[in-house]
Amino acid sequence: MRLQMLEPLLATNGKRPPAPAIAPGRSSDEATRLETRVLIVEDEMMIAWMIESLLSDAGFENVAIAADGKEACRQASEQTPGLVVSDINLGSGINGVEAAVAICHAGRIPVLFVTAYADGATRERIAAHFPHAELLRKPVDGASLTAAVHRALEFRHGN
């Protein structure tokens, strides 16, 4: 029995076969959650893990965490995210807005910013690059994050 379950994996040289567009018994919303790669860019690991947990509770399984802008750009170049959830102030190096610009320059990748700093200048800087991006204040709650993620993904899909 176990060998039968491994045969599809072995037949693809250890690579996971592509998933169907919508698995039987799943809604398109569930399929979107399961297939969307979310990149969290947050330098405070406790907050990153909390956001990851909130996204997991909302049904997102393909979540990666980058602790700084440089790491976020590296991860995004290896596997393009379908959504970026980023802090703005990431300590030294490039900030979250600059990282999101570098990641999203070639595609229509939605971005959400989760930050404690939501002054007018920060909002203007975000709007200049991401006019449809939402800015959520820390500490973010699950309902607000989930609603913002769904709005961002709807925008990406043109709904």
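Just above sits the structure.
Thresholds applied
- Residues numbered from 1 in each chain as written.
- Predicted model: local features only at pLDDT ≥ 70, side-chain atom pairs only at ≥ 80, totals over all residues.
- Heavy atoms only, no water.
- Helix = DSSP H or I, 4+ residues; strand = E, 2+ residues; numbered from the N terminus.
- Buried < 20%, exposed > 50% of the residue type's maximum accessible area, 1.4 Å probe, protein only.
- Contact = heavy atoms within 4.5 Å.
- Areas by Shrake-Rupley, 256 points an atom, 1.4 Å probe, with all protein chains shown as cover.
- Arc of directions from axis to C-beta.
- Polar contact = N/O pair within 3.5 Å; in protein donor to acceptor, adjacent residues only side chain to side chain.
- Pairing = 2+ DSSP bridges.
- Right-handed = clockwise from strand over helix to strand, strands pointing away.
- Disulfide = S-S within 2.5 Å.

Caption draft 1: Here's a closer look at the overall build of the chain. Helix and strand counts for the chain come out as seven helices and five strands. Overall, the chain shows an N-to-C arrangement of helices and strands of α-α-β-α-β-α-β-α-β-α-β-α. Burial analysis of the chain (159 residues in total) assigns 38% to the buried set. Considering only contacts in the chain between residues 6 or more positions apart, those separated by 24 or more positions represent 66%. Carbon and sulfur atoms make up 54% of the accessible area of the chain, which totals about 9,300 Å².

Caption draft 2: Broad picture of helix H5 (residues 96-104). Within H5 the residues assigned to the buried category are Gly96, Val97, Ala99, Ala100, Ile103 and Cys104. The arc enclosing the buried residues of H5, seen along the axis, measures out at 160°, which places them on a common side. Looking at the buried side of H5, the elements it contacts are strand S1 (37-41), helix H4 (69-78), strand S3 (83-86), strand S4 (111-115) and helix H6 (120-129). Its side-chain oxygen at 2.9 Å from the backbone nitrogen of Val97, Asn95 defines the N-terminal cap of H5.

Caption draft 3: How the structure looks around the environment of Asp119. Mapped onto the fold, Asp119 is located in the loop between S4 and H6. Polar contacts involving the side chain of Asp119 include one to the main-chain amide nitrogen of Ala121, which spans 3.0 Å.

Caption draft 4: Spatial organisation of the pairing of S1. Counting buried positions over the five residues of S1 gives five, a clear majority of the element. Neither face of S1 is exposed, since Arg37, Leu39 and Val41 on one face and Val38 and Ile40 on the opposite face are all buried. Bridge analysis of S1 against strand S2 (residues 62-66) gives five bridges, and the strand direction is parallel. Residue pairing for S2: Leu39 is matched across the bridge by Ala64. Each parallel crossover has a hand, and for S1 linked through helix H3 (residues 45-57) to S2 it is right-handed.

Caption draft 5: Fine view of the pairing of strand S5 (residues 134-137). Alignment of S4 against S5, held across four bridges, turns out to be parallel. Within S5, the position partnered with Thr115 by the bridge is Arg137. Regarding topology, H6 serves as the crossover connection from S4 to the parallel S5, and that connection is right-handed.

Caption draft 6: Main features of the state of the cysteines. Inspection of every chain in the model, using the stated rule, returns zero disulfides. Unpaired in this structure, Cys73 has its nearest cysteine sulfur neighbour in Cys104, at a distance of 9.4 Å. A residue is classified by how much of its surface remains accessible, and Cys73, at 23% relative accessible area, is partly exposed.

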